[in-house]
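Structural characterization, general
As a plain string of letters, each chain reads:
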Amino acid sequence: MKIVITGASGRTSRKIIDNLLARGVPARDLILISRSPERDEVAAYGAMGATLRYGDFTDLASLPQAFAGGERMYFMPLNHPPDAVDESAVKRAVVDLAKQAGITYCVYQSMIGAGIAESCDDDFQTENALRESGMDWTILRTGIFAESLGREAKRYIREGKIATDTPDVKRNYITRDDIAAAGAAALLGQGQSGKSDHILGSAITLRERAAELSKIGGKPVEIVKA
């Protein structure tokens, strides 16, 4: 079974690859797609026997060859696409090209707000494209990366404030490790097709975060109106 992983140079994709290897998937069964397959992080898997290929979602002509021979695919969304890119159209095209390449099962990493929040409209459209594609599919809707909390915390402590209009709305956070474990399990699992799973972690409000950061930083972190 050949498994395609897109965005293979990214941190979450690499964790999924490591999970698959730890579960006994031979490196030779992995097709790793990256805009920079020559990067050390990706090349290391090539040295283990994985197939490395160039593929760029904003260069759709590169994808048929990149996907060739794959049977299952982990579809990692675009990471900070250029403003000129119609992300929804690109991701719908990726779904079509994966089907044409012979991929029969796709796991898509979506967001919890898909179908609700306007900011997640491209994810929701991609989910619908998968449902209509004829491929088997699993959708993993994730929370916000918990790893982003540290960077934000430093800024909040430094500025002494959090600007928000929704201080009491709970936000759900999840680690890349948890996403990777769920992604690897979905790729290898039986009977997962046709399911939309929510990958949830700890939920906390910005008001609660401000209180905790005040303790950590030793100075007040206030909630102010955005």
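Below, the structure is looked at part by part.

Here is what the cut-offs are and how they apply
Sequence order as written defines the numbering, with residues in each chain counted from 1. Given that this is a predicted model, residues contribute local features only at a pLDDT of at least 70 and side-chain atom pairs are listed and counted only at 80 or more, while totals for whole chains, interfaces and linings are drawn from all residues. Here the side-chain values reflect all heavy atoms present in the structure, with hydrogen atoms and water set aside. To get an axis, a line is fitted to the C-alpha atoms, and for a helix only the part in contact is used. The angle between two axes follows their N-to-C directions and goes from 0 to 180 degrees. The helix and strand labels rest on DSSP assignments: H or I over at least four residues marks a helix, E over at least two residues marks a strand, and numbering proceeds from the N terminus. The scheme is simple: roughly parallel for angles under 35 degrees, roughly antiparallel for over 145, roughly perpendicular for 65 to 115, oblique for anything else. Crossings are sorted by hand: turned counterclockwise from the far helix by less than a right angle, the near helix makes the crossing left-handed, and turned clockwise it makes it right-handed. Every residue pair with non-hydrogen atoms within 4.5 Å of one another is taken to be in contact. In this classification, the charged set is Asp, Glu, Lys and Arg, the nonpolar set is Ala, Val, Leu, Ile, Met, Phe, Trp, Tyr, Cys and Pro, and all remaining amino acids, among them Gly, are polar. Think of it in three bands: with a 1.4 Å probe and only protein chains considered, a residue is buried below 20% of the maximum accessible area for its type, exposed above 50%, and partly exposed in between. Here the rule is simple: two strands pair whenever DSSP picks up at least two bridges between them. Only Phe, Tyr and Trp rings are paired, with Trp represented by its six-membered ring, and only when their centres lie within 6.5 Å; those with planes under 30 degrees apart are stacked, over 60 edge-to-face, the remainder tilted. For a ring to carry a charge above it, either NZ of a lysine or CZ of an arginine must fall within 6 Å of the ring centroid while also lying within 35 degrees of the normal to the ring plane. Throughout this description, the term salt bridge denotes a Lys or Arg side-chain nitrogen within 4 Å of a carboxyl oxygen of Asp or Glu.

1. Re the packing of helix 1 (residues 11-22) against helix 2 (residues 40-48)
In the contact formed by helix 1 and helix 2, the axes pass within 11 Å of each other and the chain directions differ by 20 degrees. In terms of their interaxial angle, helix 1 and helix 2 are classed as roughly parallel. By crossing handedness, the relation of helix 1 to helix 2 is classed as left-handed. Every residue of helix 2 that contacts helix 1 at Arg 14, Ile 17, Asp 18 and Leu 21 is listed here: Glu 41, Tyr 45 and Met 48. Here the residues of the contact of helix 1 with helix 2 sort into four nonpolar, no polar and three charged.

2. Concerning the side chain of Ser 110
On the secondary structure map, Ser 110 appears in strand 5 (residues 105-111). Residue classification places Ser 110 among the buried positions, given a relative accessible area of 1%. Ignoring any residue separated from it by four or fewer positions in sequence, one finds Ser 110 in contact with Asp 123, Glu 127, Ile 139, Leu 140, Arg 141 and Thr 142.

3. Some points on the sheet that holds strand 2 (residues 30-34)
An order of 3-2-1-4-5-6-10 is seen for the seven strands of this open sheet, with the pairing classed as parallel. This sheet does not close on itself; its edge strands, each paired only once, are strand 3 (51-54) and strand 10 (195-199). Each strand of the sheet is rotated relative to its neighbour by a mean of 20 degrees, with strand direction disregarded. Pairing analysis gives three bridges linking strand 1 (residues 3-5) to strand 2, with the strands arranged parallel. Paired with Ile 5 across the two strands is Leu 32, which belongs to strand 2. Against the sheet, helix 1 engages strand 1, strand 2, strand 4 (72-75) and strand 5, with an angle of about 155 degrees to strand 1. Packed on one face of the sheet, helix 4 (residues 87-100) meets strand 4 and strand 5 and runs near 170 degrees to strand 4.

4. Observations concerning the packing of aromatic side chains
Evaluated as defined, the whole model comprises two aromatic pairs. An angle of 80 degrees between the planes, with centres 5.4 Å apart, marks the rings of Phe 57 and Phe 75 as edge-to-face. Taken together, the residues span a long stretch of sequence, with Phe 57 in the loop between strand 3 and helix 3 (63-67) and Phe 75 in strand 4 at a distance of 18 residues. Both residues of the pair, Phe 57 and Phe 75, count as buried. What links up through ring pairs into an aromatic cluster is the set Phe 57, Phe 75 and Tyr 108. Stacked on the ring of Phe 145, the Lys or Arg Arg 176 has its end atom at 4.3 Å from the ring centre.

5. Here we look at the pairing of strand 4
The alternating pattern of strand 4 places Arg 72 and Tyr 74 and Met 73 and Phe 75 on opposite faces, both of which are buried. Bridging between strand 1 and strand 4 involves three bridges; their strand directions are parallel. By the bridge assignment for strand 4, Ile 3 is matched with Arg 72. Examined bridge by bridge, strand 4 and strand 5 share four bridges and lie parallel to one another. The residue bridging Met 73 from the neighbouring strand is Cys 106, located in strand 5.

6. Structural notes on the pattern of salt bridges
Pairing of side chains with opposite charge becomes possible as their charged atoms draw close. The final tally for this structure, using the stated rule, is 15 salt bridges. Notably, a salt bridge pairs Arg 141 with Glu 127, separated by 2.7 Å at the nearest N-O pair. Residue Arg 141 is located in strand 6 (residues 136-142), and its partner Glu 127 is located in helix 5 (residues 121-131); the two are separated by 14 residues in the primary sequence. Glu 127 matches Arg 141 in its accessibility class, with the two residues each being buried. We note a salt bridge from Asp 168 to Arg 207, for which the minimum N-O separation is 2.7 Å. Highlighted residues: Asp 168 in the loop between strand 8 (161-163) and strand 9 (171-174) and Arg 207 in helix 8 (residues 206-217), separated in sequence by 39 residues. Taking relative accessible area as the criterion, Arg 207 reaches 39% and is therefore assigned partly exposed.

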